[in-house]
Amino acid sequence: MTLRDRLTAPDARLRGIFQDLPSPAVTEVLCLAGVDFLCADSEHSSFRGEILSNVLRAAGCHGTPVLVRVADAVPHLIAEALDAGAAGVMVPRVSDAETARACVAAARFPPQGVRGAGPGRGAGYGYRMAEVIEAPAPLIGVQVETLGALDTLDEILAIEGLDYLMIGPADLGLALRAGRPELSLEAAIAQVRDACAAARMPLGIFAADRAAGDAALDWAQFVLQGTDAMLLAAATEAAVR
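Given the structure is predicted, the values throughout are model-derived calculations rather than measurements.

Visitor: Could you give an account of the packing of aromatic side chains, naming the residues involved and the relevant values?
Guide: The description of two aromatic rings rests on the distance between their centres and on the angle between their planes. Counted under the stated rule, the structure contains three aromatic pairs. Plain terms: the ring middles of Phe37 and Phe222 are 6.0 Å apart, the flat faces sit at 75 degrees to each other, and that makes the pair edge-to-face. Within this pair, whereas Phe37 is found in strand β2 (residues 37-41), its partner Phe222 is found in strand β8 (residues 222-227), the two being separated by 185 residues in sequence. When sorted by exposure, Phe37 lands in the same class as Phe222, which is buried. Pairwise contacts between aromatic rings join Phe37, Tyr164 and Phe222 into one cluster.

Visitor: An account of the environment of Asp228 is requested, with residue identities and associated values reported.
Guide: Summarising the element assignment, Asp228 is placed in helix α12 (residues 228-240). When the C-alpha positions of Asp228 and Val29 are compared, they lie 9.8 Å apart, and in sequence the two are 199 residues distant. Apart from the residues lying within four places of it in its own chain, the contact partners of Asp228 are Ile17, Phe18, Gln19, Asp20, Leu21, Val26 and Leu30.

Visitor: Pulling in residues and values, what's your account of the nonpolar core?
Guide: Judged by nonpolar contacts, the single largest core of 57 residues is most densely connected at Ile78 and Leu165. When near neighbours in sequence (up to four residues on either side) are disregarded, Leu165 contacts Val142, Val144, Leu153, Ile156, Leu157, Cys196, Met201, Pro202, Leu203, Gly204 and Phe222. The next biggest cluster of nonpolar side chains, apart from the first, holds 13 residues, and it includes Phe18, Leu67, Met90 and Met166.

Visitor: Pulling in residues and values, what's your account of the pairing of strand β5 (residues 139-144)?
Guide: Taking burial as the measure, the six residues of β5 include six buried ones, the bulk of the element. Across the two faces of β5 the burial is the same, with Leu139, Gly141 and Gln143 and Ile140, Val142 and Val144 all buried. Where strand β4 (residues 88-91) and β5 come together, four bridges link them in parallel fashion. Directly across from Gly88, in β5, lies its bridge partner Leu139.

Visitor: Outline the pairing of strand β1 (residues 14-19), listing residues and values.
Guide: Burial within β1 is extensive, with five of its six residues counted as buried. Of the strand pairs in this sheet, β1 and β8 are connected by four bridges, and their pairing is parallel. Residue Leu14 lies in a different strand from β8, and its bridge partner there is Phe222. Looking at chain direction, β1 and β2 are connected through four bridges and run parallel. Within β2, the position partnered with Gly16 by the bridge is Phe37. Between β1 and its parallel partner β2, the chain crosses via helix α2 (residues 24-33), and the hand of that crossover is right-handed.

Conventions used here
Here the residue numbering is sequential within each chain, running from 1 through the sequence in written order. In keeping with the model being predicted, local features are shown solely for residues with a pLDDT of at least 70 and side-chain atom pairs are shown and tallied solely at 80 or more, while totals for entire chains, interfaces and linings include all residues. As a convention, hydrogens and water are excluded, and side-chain values are obtained from all of the structure's heavy atoms. For Phe, Tyr and Trp, where Trp contributes only its six-membered ring, two rings pair if their centres lie within 6.5 Å, and the inter-plane angle classes them as stacked under 30 degrees, edge-to-face over 60, or tilted in between. Only DSSP runs of H or I reaching four residues or more are called helices, and only runs of E reaching two or more are called strands; each is numbered from the N terminus. For every residue, the accessible area obtained with a 1.4 Å probe (protein chains only) is divided by the maximum for its type, and the residue is called buried under 20%, exposed over 50%, and partly exposed between those limits. Any two residues having at least one pair of non-hydrogen atoms within 4.5 Å are treated as being in contact. In this text, buried Ala, Val, Leu, Ile, Met, Phe, Trp, Tyr and Cys residues form a nonpolar core when linked through side-chain atoms within 4.5 Å. At least two bridges found by DSSP between two strands is the condition for calling them paired. Convention used here: a crossover is right-handed provided that the path from the first strand, over the helix, to the second strand proceeds clockwise when the strands point away from the viewer.

Pasting the structure below:
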């Protein structure tokens, strides 16, 4: 069953981890621990080029799908992650429907989009080019973490080809504090949750730990439950203090 199938299942409750440490050994450890999927964080770490390819190779050995959070809503970054063989991409700080629509187009081949066909790792270096072009499209999702995203949420949800939304509570909280302090983070999350439920759009959120992940999975289809660095620090602290 693909990540898309699992994400869109009626009982979807997936747990992933953000990988921030750019090492295929870390990837293998996380896969062996049994995560549902990984999200290689190219926004806040260095998952590009050969490092990204090696991380995807390592995950592929264990059958674990990998999303890549690209650094920005830039078509060539989306294409790079998909050409390397990622199961999909996550785009941060998307504040309007026009940007979200452009992200979807960057992840789709013509006529649905503008992605170029190239002999990258994901296409078997050219040997599987036709297969990749005809295959179901990779996942493309955007993060809701700005006031603009809140204000244009219905327009974003109406975009054909968008596969999921992801709440970034830290950045959304900062945006609310700076520009809309009368709206609580909890109320903003509820707004996104209700809109996604009405639109039948899969929704995820970052959760700092297991308890937060359990609570979020009462309504979310997936959580990104911490990061590899956070888990390493917590386990080390518990062992030595």
